[in-house]
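# Summary of structural features
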Amino acid sequence: MAVLSVDIGNSHTVFGLHREDGKLIASYRIQTDRSACPDELYVFVERSLARDSIDFRNIDAVVLGTVVPELEHAWKRLFSDQVRFVIADYRAPWSFRIALPNPWQLGPDRMANAEGALKFGAPFIAIDAGTATTFDVVGKDAEGPVYLGGMICPGVGISMKALTQQTSRLPSVSLSRSARGDFPVVASDTESAIRGGVIRGFVAMVDGLVDAIREEKGFPEGTPVIATGGFSGYLRG
């Protein structure tokens, strides 16, 4: 059985093909186009798979998680009725319980992050540093792992855009770095001040919120903290 997993994010869509045992065969990344029609998506997916000599017609099942609901129907129309289609929402068979009053509000990206982080053992804190920076908190009780909630904060990119677009004299700067010194605590020029403020502010926010979560939930000091997402690299020591 060949299973196609699809993660539709606000900025990018990542999809990959898995064998029946769950092993990832190949993965691909494209920009998320909210107006994409099924024909356009088919071209992207079919050509991507073909580059690895994979026949689109060999897909037996699809697991789709999306934070862009308007694209769900377009992706469904790519496949025949013979292909099993699973929506990764709160009703999917996750390996944890969801202890929220309105579980349907929980995004599939956050549930998927929690599922992936379970291999480190509960309790844990999962951080996804993407368009938004999200925190997902999973505890453990007598019945097993339980999703407790989390936080949603502005992402690094959003913060940078807001800072430069809502001011008259601050320039747009690149966040690429060749050394940690690119993000000084006390900067001597405007571009370095912006980089340092955005990145060091982001890191300080994450550190502070992780400490606050541990204290509120009574998690021990060694509770795993797992980071993913495009900006997660800035959280490394």
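Structural notes, computed from the coordinates. All of these numbers come straight from a predicted model, not from anything done at the bench.

## Quick word on the overall build of the protein chain
- Across its full length, the protein chain holds 5 helices and 10 strands.
- The principal-axis extent of the C-alpha atoms belonging to the protein chain is close to 60 × 50 × 30 Å.
- Burial statistics for the protein chain: of 237 residues in total, 40% are counted as buried.
- Working note: accessible area of the protein chain is about 13500 Å², and carbon and sulfur atoms make up 50% of it.
- Side chains of the protein chain give 24 positive and 28 negative charges; the mean places of these two sets differ by 3 Å.

## Notes on the packing of helix H4 (residues 156-165) against helix H5 (residues 190-217)
- The geometry of H4 relative to H5 is characterised by a closest axis approach of 10 Å and an angle of 145° between their N-to-C directions. Viewed along their axes, H4 and H5 form a crossing whose handedness is right-handed. Counting all contacts with H4, which are made through Val156, Met160 and Leu163, the residues of H5 involved are Ile194, Val198, Ile199 and Phe202.
- Residues belonging to the contact of H4 with H5 are distributed by class as follows: 7 nonpolar, no polar and no charged.

## What about the pattern of salt bridges?
- What the rule picks out here adds up to 12 salt bridges.
- A salt bridge links arginine 110 to aspartate 136, with the shortest nitrogen-to-oxygen separation between them at 2.6 Å. One end of the pair, arginine 110, is in helix H3 (residues 108-117); the other, aspartate 136, is in strand S8 (residues 132-141), and 26 residues separate them in sequence. As far as burial versus exposure is concerned, arginine 110 and aspartate 136 are alike and both buried.
- For glutamate 216, the salt bridge is made with lysine 217, and the minimal N-O distance between the two is 4.0 Å.
- Each of Arg97, Asp141 and Glu143 takes part in one network of salt bridges that share partners.

## Some words on unusual backbone geometry
- Looking along the chain, the bond that leaves alanine 122 and enters proline 123 is cis, with omega of 5°.
- The topology assignment puts proline 123 in the loop between H3 and strand S7 (124-129).
- Look at serine 53: it is not a glycine, yet its phi comes out positive at around 60°.
- Take serine 53: it is sitting in the loop between helix H1 (38-51) and strand S4 (61-66).
- Take serine 53: its relative accessible area is 72%, and that puts it in the exposed class.

## Points about the sheet that holds strand S2 (residues 12-18)
- Pairing within the open sheet is mixed, and its 5 strands lie in the order S3-S2-S1-S4-S5. The open sheet has two free edges, formed respectively by strand S3 (24-31) and strand S5 (84-87), since each of these has just one partner strand. Recorded for the sheet is a direction-independent mean angle of 15° between the axes of neighbouring strands.
- Judged from the 6 bridges that link them, strand S1 (residues 3-8) and S4 form a sheet pairing that is parallel.

## A short note on the nonpolar core
- Leu4, Val6, Phe15, Ile59, Trp75 and Phe79 are the most contacted members of the largest nonpolar core, which has 25 residues in total.
- Formed by 21 residues, the second largest nonpolar core is a distinct cluster that contains Val137, Val156, Met160 and Val206.

## Regarding the packing of aromatic side chains
- A complete count under the given rule lists 10 aromatic pairs for this structure.
- Ring geometry for tyrosine 42 versus phenylalanine 56: centroids 5.0 Å apart, planes at 75°, classification edge-to-face. With a gap of 14 residues between them, tyrosine 42 in helix H1 and phenylalanine 56 in the loop between H1 and S4 connect regions that are remote in the sequence.
- On the basis of an interplanar angle of 70° and a centroid distance of 5.7 Å, the ring pair of phenylalanine 183 and tyrosine 234 is categorised as edge-to-face. Here the residue phenylalanine 183 occupies a position in the loop between H4 and H5, and tyrosine 234 occupies one in the segment after strand S10 (225-228), the gap between them amounting to 51 residues. The pair phenylalanine 183 / tyrosine 234 is uniform in exposure class, with both members buried.
- Three or more aromatic residues joined by ring pairs form one cluster here, namely Tyr42, Phe56, Phe79 and Phe85.

## Things to note about the pairing of S8
- In terms of burial, S8 is a largely internal element, 7 of the 10 residues being buried.
- Here S7 runs beside S8; their pairing, made up of 6 bridges, is antiparallel. Bridging from a neighbouring strand, phenylalanine 124 pairs with valine 138 of S8.
- Between S7 and S8, which pair antiparallel in sequence order, lie 2 residues.

Criteria and thresholds
- Residues numbered from 1 in each chain as written.
- Predicted model: local features only at pLDDT ≥ 70, side-chain atom pairs only at ≥ 80, totals over all residues.
- Heavy atoms only, no water.
- Helix = DSSP H or I, 4+ residues; strand = E, 2+ residues; numbered from the N terminus.
- Buried < 20%, exposed > 50% of the residue type's maximum accessible area, 1.4 Å probe, protein only.
- Areas by Shrake-Rupley, 256 points an atom, 1.4 Å probe, with all protein chains shown as cover.
- Lys, Arg positive; Asp, Glu negative; His and termini not counted.
- Charge placed at Lys NZ, Arg CZ, Asp CG, Glu CD.
- Axes fitted to C-alpha atoms, helices over the stretch in contact; angles between N-to-C directions.
- Left-handed = near helix turned anticlockwise from the far one by under 90°.
- Contact = heavy atoms within 4.5 Å.
- Nonpolar A, V, L, I, M, F, W, Y, C, P; charged D, E, K, R; others polar.
- Salt bridge = Lys/Arg side-chain N within 4 Å of Asp/Glu carboxyl O.
- Pairing = 2+ DSSP bridges.
- Core = buried A, V, L, I, M, F, W, Y, C linked by side-chain atoms within 4.5 Å.
- Phe/Tyr/Trp six-rings, centres within 6.5 Å; stacked < 30°, edge-to-face > 60°.

So yeah, pure geometry; function would need other evidence.
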